[in-house]
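Observations on the three-dimensional arrangement
Residue strings, one per chain:
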Amino acid sequence: HLSLIHIYTGKVITTFTGEQVRYWPDLHRYRTLDGKKMTSGSHYAEQFADPFDRERILAMTAKKRGSTVEHVGAAWDHRGLISRTFGTAIHAAMEGWFKYKDVDYGVPKHPFLKEIVESFPGKDENIEPEIMVSDTKRLMVGQIDGLLISGDHTGIVIDYKSDADVKKNLVKHWNQLSFYASILKAFDWQVPKLQIWNYTTKWEVYESPVLEVKL
């Protein structure tokens, strides 16, 4: 919850679409300069996630494993932490490549992350990394992993994933990327398609047309 005082203390940033918004990185919250709450792409996409009854499934799993709900729950949380930090490292590695390859600091020293970057099929493309886009009229905002510039005001919205089974989450992912594409389209960008690049033991690409966004 943002207090009335806090509403006007967020960091003011200028987005890729040329607008200014207030941003709280620690809370992952956004507002317009006059205090209106904005919807992020990740928040919009949550409605498309498959429901997961954690408490019921946790109780069943604990009974099956002959353990307690608390212990199995902690194991789940730790596994989730591993997945998130692994994904964060990959995102940071890809961002670093496209931001700093011009000064020879784009490739990580760690051999595993180095292989991920160097084996990326689009590493020589014109990709703008980690860009914030906004549409204050519709109160939409979010950060794109990458925008592959393919022409004048034309680009493909891309996302990096490291999901063990990315296919089960594709509906959610496509709707999130379509949210970002909808913002770009409002600023006269052409977005012919969306791409998800998923890394497990190698890069695999999945593509989709832009879906309709319903706020």
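Each remark here, short or long, concerns the structure printed above.
Residues numbered from 1 in each chain as written. Predicted model: local features only at pLDDT ≥ 70, side-chain atom pairs only at ≥ 80, totals over all residues. Heavy atoms only, no water.

**Topic: the packing of helix H3 (residues 54-65) against helix H4 (residues 69-100)**
Contact pair H3 / H4: the axes reach a minimum separation of 9 Å and the direction vectors enclose 115°. By the criterion of interaxial angle, the relationship of H3 to H4 is roughly perpendicular. Crossing geometry of H3 relative to H4 is assigned as right-handed. When H3 is examined against H4, the residues Arg54, Ile57, Leu58, Ala59, Thr61 and Ala62 are found in contact with a partner set consisting of Val69, Val72, Gly73, Trp76 and Asp77. Across the contact of H3 with H4, the residue classes tally to seven nonpolar, two polar and two charged. (Axes fitted to C-alpha atoms, helices over the stretch in contact; angles between N-to-C directions. Helix = DSSP H or I, 4+ residues; strand = E, 2+ residues; numbered from the N terminus. Parallel < 35°, antiparallel > 145°, perpendicular 65-115°, else oblique. Left-handed = near helix turned anticlockwise from the far one by under 90°. Contact = heavy atoms within 4.5 Å. Nonpolar A, V, L, I, M, F, W, Y, C, P; charged D, E, K, R; others polar.)

**Some thoughts on the layout of surface pockets**
Considered as a void within the structure, the second largest pocket measures approximately 190 Å³ in volume. What lines the second largest pocket is simply His28, Arg29, Tyr30, Lys37, Met38, Thr39, Ser40, Ser42 and His43. Counting only elements with at least two residues in the lining of the second largest pocket, the list comes to strand S3 (29-31), strand S4 (39-40) and helix H2 (41-45). Taken together, the residues of the lining of the second largest pocket break down into two nonpolar, five polar and two charged. (1 Å grid on protein atoms, 1.4 Å probe; cavity = no way out; pocket = protein on both sides within 12 Å on 5 of 7 lines; lining within 4 Å. Points joined across faces, edges and corners; volume = space filled by probe spheres on them.)

**Some thoughts on the sheet that holds S3**
Strand order across the open sheet formed by three strands is S1-S2-S3, with antiparallel pairing between neighbours. Two strands bound the open sheet, and with one partner strand each, they are strand S1 (11-14) and S3. Across the sheet, the mean angle separating the axes of adjacent strands is 40° when strand polarity is ignored. Across three bridges, strand S2 (residues 20-24) lies against S3 in antiparallel orientation. Bridge pairing in S3 places Tyr23 opposite Tyr30. (Pairing = 2+ DSSP bridges.)

**Observations regarding the pattern of salt bridges**
Summed over the entire model, instances satisfying the criterion amount to eight salt bridges. Its salt-bridge partner being Arg56, residue Asp53 comes within 3.5 Å of it at the nearest N-O pair. Taking relative accessible area as the criterion, Arg56 reaches 49% and is therefore assigned partly exposed. Measuring nitrogen to oxygen at the nearest pair gives 3.1 Å for the salt bridge that ties Lys193 to Glu207. One end of the pair, Lys193, is in the loop between helix H6 (170-186) and strand S8 (194-199); the other, Glu207, is in strand S9 (residues 203-208), with 14 residues separating them in the sequence. By relative accessible area, Glu207 is classed as partly exposed at 44%. (Salt bridge = Lys/Arg side-chain N within 4 Å of Asp/Glu carboxyl O. Buried < 20%, exposed > 50% of the residue type's maximum accessible area, 1.4 Å probe, protein only.)

**Here we look at the packing of H4 against helix H5 (residues 111-118)**
Relative to each other, H4 and H5 sit at 55°, their axes nearing to 10 Å. When the axes of H4 and H5 are compared, the pair comes out oblique. In the packing of H4 onto H5, the handedness of the crossing is right-handed. Contacts between H4 and H5 involve Phe86, Ala89, Ile90, Ala93, Met94 and Trp97 from the first element and Phe112, Leu113, Ile116 and Val117 from the second. In the contact of H4 with H5, the residues fall into 10 nonpolar, no polar and no charged.

**Some details on the pairing of strand S7 (residues 154-161)**
With eight of eight residues buried, S7 is to be regarded as a mostly interior element. The side-chain alternation of S7 yields two buried faces, one formed by Thr154, Ile156, Ile158 and Tyr160 and the other by Gly155, Val157, Asp159 and Lys161. Inspection of the sheet shows strand S6 (residues 140-151) paired to S7 by five bridges, in the antiparallel sense. Residue pairing across strands places Ile149 opposite Gly155, the latter belonging to S7. Between the antiparallel neighbours S6 and S7 lie two residues, among them His153 with a positive phi of about 55°.

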